[in-house]
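# Structure at a glance
Residues per chain are reported as follows:
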Amino acid sequence: MAAEQSRLSATHVLEYPYRRSVGPIMGRFLTGLRDRRISGVRTGDGSIVVPPLEYDPATGAPVTEFVDVGPLGVVTTWAWVTTPRAKHPLTQPFAWALIKLDGADTGLLHAVDAGSADTMKTGMRVKPRWRDERVGDIRDIVCFEPEGS
Amino acid sequence: MSESLKPVTAIKAPVHLEFSYTAGRASTRFLRGMAQGKILGQRCPECGKVYVPPRGSCTICAVPTDVEVEVTGKGTVTTFCIVRIPSDSLSIDPPFTCAHILLDGADLPFFALIQECPFDEVRMGMRVEAVWVPKEELGPTFESIKYFRPIDEPDASFESYKEHL
Ligand SMILES: [Zn+2]
């Protein structure tokens, strides 16, 4: 048998190019982002859910009332990403965080550009950094950043 | 800025999975064969079945398949499907036909595109041959075979491929 040749290796990409309809509730949230507005919904017990849900999680009733929140908020929990991956929103190290926007009762998951893990703190105040060209997508918010920056 | 724009009703949400694929010994042999315009398989030393492309072992006998066999690009359509739904990820426009092709001397059909033939004339038992890319474009990839096309031979009998459906 001939001397063994080196084994072949290649990048293999599997991609499903889905386009997803968002419905009237998420559609309104995304449309708001395009106008730098962050909207949630009020549920039966009076709490404000952001991003909005189509149905009250406690009763299953459809939600009808939209409420604008933020744009500032507070970090309630976070995880530091030391090595961002290709599809992450930032190329430098950042935090994934749950952000409770002012007026909201739930956390919105987003990236926080805090510079270093030492700067990140639960309870820190953050503000959105908006993308210049907004299209109605969660990435219209590039990330959140410390309030004073 | 955008009071006049329409509300958002849909978003693009692609699923993107990036793998690093290592071919392994048998598939590497096969792919290096492709780069030379050859179709290489392996024969099971116990049951005698020829696997194209080879996987390095016979799943029925659970033994390594270390005997290399070269087969020609001629074969028989065992079964097929007509693709009618367009997609961004397709490089040709539908309708077109893909088929399972059992190469002469092989015991395992593989999936390939059929061209140079109206899509609705492809049939079970149809005789076809591989059409290769130009020699200078040959590479260690399945894409070295552009597609299969019909050849002027009588259809193979159902008996001849019924074990391979
Ligand atoms: Zn076997």
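Everything below is about the structure printed above this text.
Attention in this report is confined to the structure presented alongside it.

### Observations concerning the coordination of the zinc ion
Residue and element names in this part refer to chain B. Only Cys44 (SG), Cys47 (SG), Cys58 (SG) and Cys61 (SG) from the protein coordinate the zinc ion, and they sit 2.3 Å from it. In this structure, the zinc ion is coordinated by four donor atoms arranged in tetrahedral fashion, with angles at the metal of 106 to 114°. In terms of primary sequence, the donors binding the zinc ion are separated according to C-x2-C-x10-C-x2-C.

### Things to note about the interface of chain A and chain B
Listed per partner, the contact involves 30 residues of chain A and 29 residues of chain B. Of the roughly 2,700 Å² buried at the junction of chain A and chain B (both faces included), carbon and sulfur atoms supply 53%. Between chain A and chain B we count zero salt bridges in total. At the boundary of chain A with chain B, the tally comes to 15 residue pairs in polar contact (both at pLDDT 80 or more). Residue assignment for the side of chain A that touches chain B shows that the elements contributing at least two residues are β1 (9-16), β2 (19-21) and α1 (23-34) of chain A.

### Quick look at the sheet that holds strand β4 (residues 48-49) of chain A
By definition, the strands of a sheet pair up through backbone hydrogen bonds, in either a parallel or an antiparallel sense. All names here are of chain A. Taking strand neighbours across the sheet as the criterion, the three strands line up as β4-β3-β5 in an open arrangement whose pairing is antiparallel. At either margin of the open sheet sits one strand with a lone partner, and together these are β4 and β5 (65-69). Across five bridges, the pairing between strand β3 (residues 38-42) and β5 is antiparallel. In the sheet register, Arg42 faces β5, and the bridge partner there is Glu65. Lying on the sheet, α1 is in contact with β3 and β5; it crosses β3 at an angle near 150°.

What counts, and where the lines are drawn
- Residues numbered from 1 in each chain as written.
- Chains lettered and ligands numbered in written order.
- Predicted model: local features only at pLDDT ≥ 70, side-chain atom pairs only at ≥ 80, totals over all residues.
- Heavy atoms only, no water.
- Donors = N, O, S within 2.8 Å, 3.2 Å for Na, K, Ca; no water.
- Tetrahedral: all angles 85-135°; square planar, octahedral: opposite > 155°, others 65-115°.
- Contact = heavy atoms within 4.5 Å.
- Buried area = accessible area lost by both parts, 1.4 Å probe.
- Salt bridge = Lys/Arg side-chain N within 4 Å of Asp/Glu carboxyl O.
- Polar contact = N/O pair within 3.5 Å; in protein donor to acceptor, adjacent residues only side chain to side chain.
- Helix = DSSP H or I, 4+ residues; strand = E, 2+ residues; numbered from the N terminus.
- Pairing = 2+ DSSP bridges.
- Axes fitted to C-alpha atoms, helices over the stretch in contact; angles between N-to-C directions.

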